[in-house]
Amino acid sequence: MGVPTAELGEFLASLGEPPYRARQLQHWICRRLAGSFEDMSDLPKTLRAQLQAQACLADPVVIEVRRASDGTAKYALQLEDGLVVEAVAMPMEGHTTLCLSSQAGCAVGCRFCVTGALGSGRNLRVHEIFGQFRVLMRSEGLVGQGVNVVFMGMGEPLLNLPNLVGALEFLSETVSLRRTTVSTAGVVPKLYALAQLPRRPNLAVSLNATTDEQRAYLMPGVAHWSLAELIAALKAYPLERGRRITIEYVLIAGVNDSLEDARRLVRLLSGLKVKVNLIPLNPDPDFLPGLEPPSEGVINAFAAHLAAANMNVTVRWSKGREVAAACGQLRGQLKFPRPAAVSP
Ligand code: SF4
């Protein structure tokens, strides 16, 4: 992957600049993540002034940062049309993970997700997705450091596949695809499209159910594809050596947390190269009334059943809960204009 420099080259040629300037400018935008043309110190002053007058670096604008005691920082970012999306920086052991949004809302409507409860929103454009990365890297003082990037923020990335792929091209200038994960609710035809890319990011799939009825209840927006169709798409997904698909399973008390569910999950995933992340539900009495995480005993029993079947399983206690930056909580505590509904 790589960023096509042709357009930059054409624009710079129109300003009378030599072809190599395009690569220089791209380096400042994609690798050094400069926040202004003024910072691009090896460009001539006259060119910087011209760029300032005729072009813009349209990054989203930070309107709020909420930081949890574990260091997780949730950013509210305003786009050019006034919509607000959220992105999260999570300090982990030895690195930071950035969680980015791909849509300004979500049409999938997962029952356990605040973003889904708020409804659908428009697709983010390439620069709006990559701009979240640029802003968080600068604001968190991470420029020049290795980070992981996950598309687990607002929206279903595969319902915005062309712009996701465009953003991945920009991102791959600084972050290896091996450190980038796209998480999908399971949009089956788009999984086959993603599989066609010559180089692919890591894949995570939000499964959360072991029967089609359960999945229709929990994830109505992707229920027209059966679990059998989803598993077939995962079996066909090409994996590089040593890679696994991450299966995310949000555990909800009394809904999908029984030992029968654990047994069905083992059967469903048999033959697939996967690791399973069990995520106890992050409750939200306003947006997710009536849904609670299981008790620790139930969570541990579920995990133990998977482990006993030789599955690679982890219980993921979400970071950033106190600032509503945890899984499924984005847009939960901000009162900004709701995104206009669009069909995905
Ligand atoms: S969990 Fe993901 S796919 Fe489901 S509603 Fe929330 S943002 Fe959309």
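Every chain is numbered independently, its residues counted from 1 as its sequence is written. This being a predicted model, a pLDDT of at least 70 is required before a residue's local features are given, and a value of 80 or more before pairs of side-chain atoms are given or counted; all residues contribute to the totals for chains, interfaces and linings. In computing side-chain values, all of the structure's heavy atoms are included and hydrogens and water are not.

Residue proximity to a molecule or strand is established when one non-hydrogen atom of the residue lies within 4 Å of it. The environment of the ligand is formed by C106, V108, G109, C110, C113, G116, G153, G155 and A185. Tallied by class, residues from the shell around the ligand come to five nonpolar, four polar and no charged. For this scheme, ten residues count as nonpolar: Ala, Val, Leu, Ile, Met, Phe, Trp, Tyr, Cys and Pro. Four count as charged, namely Asp, Glu, Lys and Arg, and the remainder, Gly too, count as polar.

Turning next to the environment of V313. Each helix is a run of DSSP H or I of at least 4 residues and each strand a run of E of at least 2, with the numbering of both proceeding from the N terminus. Along the chain, V313 falls in strand β10 (residues 312–315). Here the alpha-carbon distance between V313 and L218, two residues 95 residues apart in the chain, equals 22 Å. Only heavy atoms enter the contact rule, under which two residues are in contact if any of them lie within 4.5 Å. Dropping the residues within four chain positions of it, V313 is found in contact with V276, L278, A303, L306 and A307.

Take the packing of helix α1 (residues 6–14) against helix α2 (residues 20–31) next. Here α1 crosses α2 at 120°, and the two axes come no closer than 8 Å. On the basis of their axis angle, the class for α1 and α2 is oblique. Handedness of the crossing formed by α1 with α2: right-handed. Every residue of α2 that contacts α1 at L8, G9 and L12 is listed here: R21, A22, L25 and Q26. Along the lines of polarity and charge, the residues of the contact of α1 with α2 split into four nonpolar, two polar and one charged. In this analysis an axis means a line fitted to C-alpha atoms, helices contributing only their contacting stretch, and an angle means the value between N-to-C directions, from 0 to 180 degrees. In what follows, roughly perpendicular refers to angles from 65 to 115 degrees, roughly parallel to angles under 35, roughly antiparallel to angles over 145, and oblique to any angle outside these ranges. A crossing counts as left-handed when the near helix is turned anticlockwise from the far one by less than a right angle, and as right-handed when that turn is clockwise.

In contact at an axis separation of 9 Å, helix α7 (residues 188–195) and helix α9 (residues 227–236) are set at 5° when each is read in the N-to-C sense. The angle between α7 and α9 falls in the class roughly parallel. Touching V188, L191 and Y192 of α7 are E229, L230, A232, A233, L234 and A236, all from α9. Per-class residue counts for the contact of α7 with α9 are eight nonpolar, no polar and one charged.

Now for the packing of aromatic side chains. A pair of Phe, Tyr and Trp rings is counted when the ring centres sit within 6.5 Å of each other, with Trp represented by its six-membered ring. The angle between the planes then sorts it: under 30 degrees is stacked, over 60 is edge-to-face, the rest tilted. Applying the stated rule across the entire model yields three aromatic pairs. With a centroid separation of 5.3 Å and an interplanar angle of 35°, the aromatic rings of F130 and F170 are classed as tilted. Within this pair, whereas F130 is found in helix α5 (residues 126–139), its partner F170 is found in helix α6 (residues 161–171), the two being separated by 40 residues in sequence. Linked through ring pairs, F130, F133 and F170 together constitute an aromatic cluster.

A few words on the nonpolar core. Within the largest apolar cluster, 98 residues are counted, with the highest numbers of intra-cluster contacts made by F133, L234 and L269. By convention here, the domain bounds are inherited from an automatic or database domain assignment. A domain split of this core shows at least three residues from each of domain 1 (6–54) and domain 2 (61–323). The residues contacting L234, other than those within four sequence positions of it, are L191, L203, V205, I245, I247 and L272. For the purposes of this section, nonpolar cores are sets of buried Ala, Val, Leu, Ile, Met, Phe, Trp, Tyr and Cys residues that join through side-chain atoms within 4.5 Å. Buried, partly exposed and exposed residues are distinguished by accessible area as a fraction of the type maximum, computed with a 1.4 Å probe on protein chains only: under 20%, between the cut-offs, and over 50%, respectively.

Considering every residue of the protein chain, the mean pLDDT works out to 90; 91% of them sit at 70 or more. For every residue, the predictor states its confidence as a pLDDT score lying anywhere from 0 to 100. Contacts for the low-pLDDT stretch residues 335–344, under 50 throughout, to residues beyond four places or in other chains number 27 contacts.

What follows covers the layout of surface pockets. Within this model, the second largest pocket holds a volume of roughly 710 Å³. The pocket and cavity definitions rest on a 1 Å grid over protein atoms only: a 1.4 Å probe that fits but cannot leave marks a cavity, an open set with protein on both sides within 12 Å along at least five of seven lines marks a pocket, and residues lining either have an atom within 4 Å of a point. Around the second largest pocket, the lining comprises 22 residues; the ones closest to its centre are E7, L8, I29, H127 and F170. If you list the elements that add at least two residues to the lining of the second largest pocket, you get α1, α2 and α5. With five residues, α5 is the largest single contributor of residues to the lining of the second largest pocket. A breakdown of the residues in the lining of the second largest pocket according to their chemical character gives 16 nonpolar, three polar and three charged. Structurally, the lining of the second largest pocket is a two-domain feature, drawing no fewer than three residues from each of domain 1 (6–54) and domain 2 (61–323). Grid points are joined across faces, edges and corners, and a volume is the space filled by probe spheres set on the points.

Attention shifts here to α5. Working rule for helices: expected span equals 1.5 Å times residues minus one. The terminal C-alpha atoms of α5, which comprises 14 residues, lie 20 Å apart, in line with the 20 Å expected from a rise of 1.5 Å per residue. Here α5 lies mainly inside the structure; ten of its 14 residues are buried. When α5 is considered as a whole, its buried residues turn out to be E128, I129, F130, G131, Q132, F133, R134, V135, L136 and M137.

What follows concerns the pairing of strand β5 (residues 147–151). The buried fraction of β5 amounts to five of the five residues, a majority that puts the element mostly inside the structure. Across the two faces of β5 the burial is the same, with V147, V149 and F151 and N148 and V150 all buried. A pair of strands is treated as paired once DSSP finds two or more bridges between them. Direction of pairing for strand β4 (residues 95–99) relative to β5: parallel, over a ladder of four bridges. Bridging from a neighbouring strand, C99 pairs with V150 of β5. Where β5 and strand β6 (residues 180–184) come together, three bridges link them in parallel fashion. From the neighbouring strand, F151 faces β6, where its bridge partner is V182. Since β5 and β6 lie parallel, the crossover through α6 that links them has a hand, and here it is right-handed. Here, the term right-handed applies to a crossover whose path from the first strand over the helix to the second runs clockwise when the strands point away from the viewer.

Any two side chains of opposite charge can pair, so long as their charged atoms come close to each other. Salt bridges are counted wherever a side-chain nitrogen of Lys or Arg sits within 4 Å of a carboxyl oxygen of Asp or Glu. With the rule as written, the count across this model stands at 16 salt bridges. One salt bridge in this structure joins E86 and K74, with 3.5 Å as the shortest N-O distance. Here the residue E86 occupies a position in strand β3 (residues 84–92), and K74 occupies one in strand β2 (residues 73–78), the gap between them amounting to twelve residues. Classification of E86 as buried rests on a relative accessible area of 0%.

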